[in-house]
Amino acid sequence: MHRWADVHLTFNLIRSLSKALDDDLRRIARPYHLTGSQLHLLSLLYQEDGVSISTIAQRGLWHISSAFHNVAKLEQLGLVTTRSNQEDERITEVHLTEEGRRLFDAVSGEIEQSRVIQAIQKLQEHMGSQQELPVQIGLFLCEALSGRDFTQWLLRSTAQWKQTDNPEDVEKMTDTVYANH
């Protein structure tokens, strides 16, 4: 019975985080007539514009049909444009419009103030010298659940958000995650 207690605790801890993040993204997106997923898609394009719909699906952790649907809605709203790849017309690239970029600029501060982000920051402060431990745990779980390719993309994109061009920074983050594998 103790084993089920651990499963119960883990399941509900993760569900609590997921629900809080979903609720916050919905709350932030609602005034703009968007969904939380569409707001997430804008954030992906804000960082790396001109990617394919299949890449969006992989990075957003969506089924390809969900990515298509969200891209179509954002295109209707004038927040993204689509066009065929010049080298392979079977590939559709998605680009953020200036309006889409302005919208994401406007909401990014609200996302930073979301309950989950604030809670993780408080946890890191509480942990003092071990403040990277929650991130390491998250990345370990990310790889176990979403794969090494996704986790490595996440680390590279995080380095880009931190505005570092130094490959050693990415390598250091990667080494930290994979040190115990």
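Rules behind the numbers
- Residues numbered from 1 in each chain as written.
- Predicted model: local features only at pLDDT ≥ 70, side-chain atom pairs only at ≥ 80, totals over all residues.
- Heavy atoms only, no water.
- Helix = DSSP H or I, 4+ residues; strand = E, 2+ residues; numbered from the N terminus.
- Buried < 20%, exposed > 50% of the residue type's maximum accessible area, 1.4 Å probe, protein only.
- Contact = heavy atoms within 4.5 Å.
- Areas by Shrake-Rupley, 256 points an atom, 1.4 Å probe, with all protein chains shown as cover.
- Core = buried A, V, L, I, M, F, W, Y, C linked by side-chain atoms within 4.5 Å.
- Domains from an automatic or database assignment.
- Pairing = 2+ DSSP bridges.
- Axes fitted to C-alpha atoms, helices over the stretch in contact; angles between N-to-C directions.
- Expected span 1.5 Å × (residues − 1).
- Arc of directions from axis to C-beta.
- Parallel < 35°, antiparallel > 145°, perpendicular 65-115°, else oblique.
- Nonpolar A, V, L, I, M, F, W, Y, C, P; charged D, E, K, R; others polar.
- Phe/Tyr/Trp six-rings, centres within 6.5 Å; stacked < 30°, edge-to-face > 60°.
- pLDDT = per-residue confidence, 0-100.

Visitor: How would you summarise the overall build of the chain if you had to cite specific residues and measurements?
Guide: The helix and strand inventory of the chain stands at 9 helices and 3 strands. Taken from N to C terminus, the helices and strands of the chain fall in the order α-α-β-α-α-β-β-α-α-α-α-α. Across the 181 residues of the chain, 33% fall into the buried class. Contacts in the chain between residues at least 24 apart in sequence constitute 51% of all its contacts with a sequence separation of at least 6. Accessible area of the chain: about 12200 Å², with a carbon and sulfur share of 53%.

Visitor: So, the side chain of Asn70: which residues are in play, and what are the values?
Guide: Here Asn70 lies in helix α4 (residues 64-76). The contact partners of Asn70, leaving out residues within four places of it in the chain, are Thr35, Ser37, Gln38 and Leu41.

Visitor: Could you give an account of the nonpolar core, with specific residues and numbers?
Guide: Core analysis: the largest hydrophobic core is formed by 27 residues, its most contacted members being Leu42, Leu45, Ile56 and Val80. Those elements that place two or more of their residues in this core are α1 (2-29), α2 (36-47), α3 (53-60), α4, β3 (92-96), α5 (98-112) and α8 (148-161). Taken domain by domain, the makeup of this core includes at least three residues from each of domain 1 (2-127) and domain 2 (131-180). Apart from residues no more than four positions distant in its own chain, Ile56 is found in contact with Leu41, Leu44, Leu45, Val51, Trp62, Ala67, Val71 and Val94.

Visitor: Describe the sheet that holds strand β2 (residues 80-84), with residues and values.
Guide: Sheets are built from strands that pair by backbone hydrogen bonding, the pairs being arranged parallel or antiparallel. The strand order β1-β3-β2 describes an open sheet built from 3 strands, whose pairing is antiparallel. A single partner strand is all that each edge strand has here, and the edge strands are β1 (51-52) and β2. For β1 and β3, the ladder comprises 2 bridges, and the chain directions are antiparallel. What sits directly across from Val51, in β3, is Val94. On top of the sheet, α4 reaches β2 and β3; it is set at about 115° to β2, its chief contact.

Visitor: So, helix α7 (residues 133-146): which residues are in play, and what are the values?
Guide: Because the α-helix completes a turn every 3.6 residues, residues three or four places apart line up on one side. Compared with the 20 Å implied by 1.5 Å per residue over 14 residues, the 19 Å span of α7 between its first and last C-alpha is a close match. Taken as a whole, α7 has its buried residues at Pro134, Leu139, Cys142 and Glu143. Around the axis of α7, the buried residues are gathered within 170° of arc, so they sit on the same side. Exposed and facing more than 90 degrees away from the buried side of α7 are Ala144 and Leu145. The first or second residue beyond α7 is Gly147, which carries a positive phi of 100°.

Visitor: Hey, could you go over the packing of α2 against α4 for me, with residue numbers and the actual values?
Guide: Between α2 and α4, the least distance of the axes is 10 Å, while the angle of their chain directions is 80°. Overall, the two elements α2 and α4 adopt an arrangement that is roughly perpendicular. Packed against α2, whose contacting residues are Ser37, Gln38, Leu41 and Leu42, the element α4 presents Ala67, Asn70, Val71, Lys73 and Leu74 at the interface. Here the contact of α2 with α4 is built from residues that sort into 5 nonpolar, 3 polar and 1 charged.

Visitor: Account for the packing of aromatic side chains, naming residues and giving values.
Guide: Taken as a whole and assessed by the stated rule, the structure comprises 2 aromatic pairs. Relative to Phe104, the ring of Tyr46 has its centre 4.8 Å away and its plane inclined at 45°; by these criteria the two rings are tilted. Remark: Phe104 occurs in helix α5 and Tyr46 occurs in helix α2; sequence separation between them is 58 residues. Among the residues examined, Phe104 registers a relative accessible area of 6% and is labelled buried.

Visitor: An account of the confidence of the model for the chain is requested, with residue identities and associated values reported.
Guide: Low-pLDDT portions of the prediction should not be read for the details of their coordinates. Overall, the prediction assigns the chain a mean pLDDT of 87, with 90% of residues at 70 or greater. At the level of individual helices and strands, the chain shows its lowest average pLDDT in helix α9 (residues 167-178), which scores 54, and its highest in α4, which scores 97.

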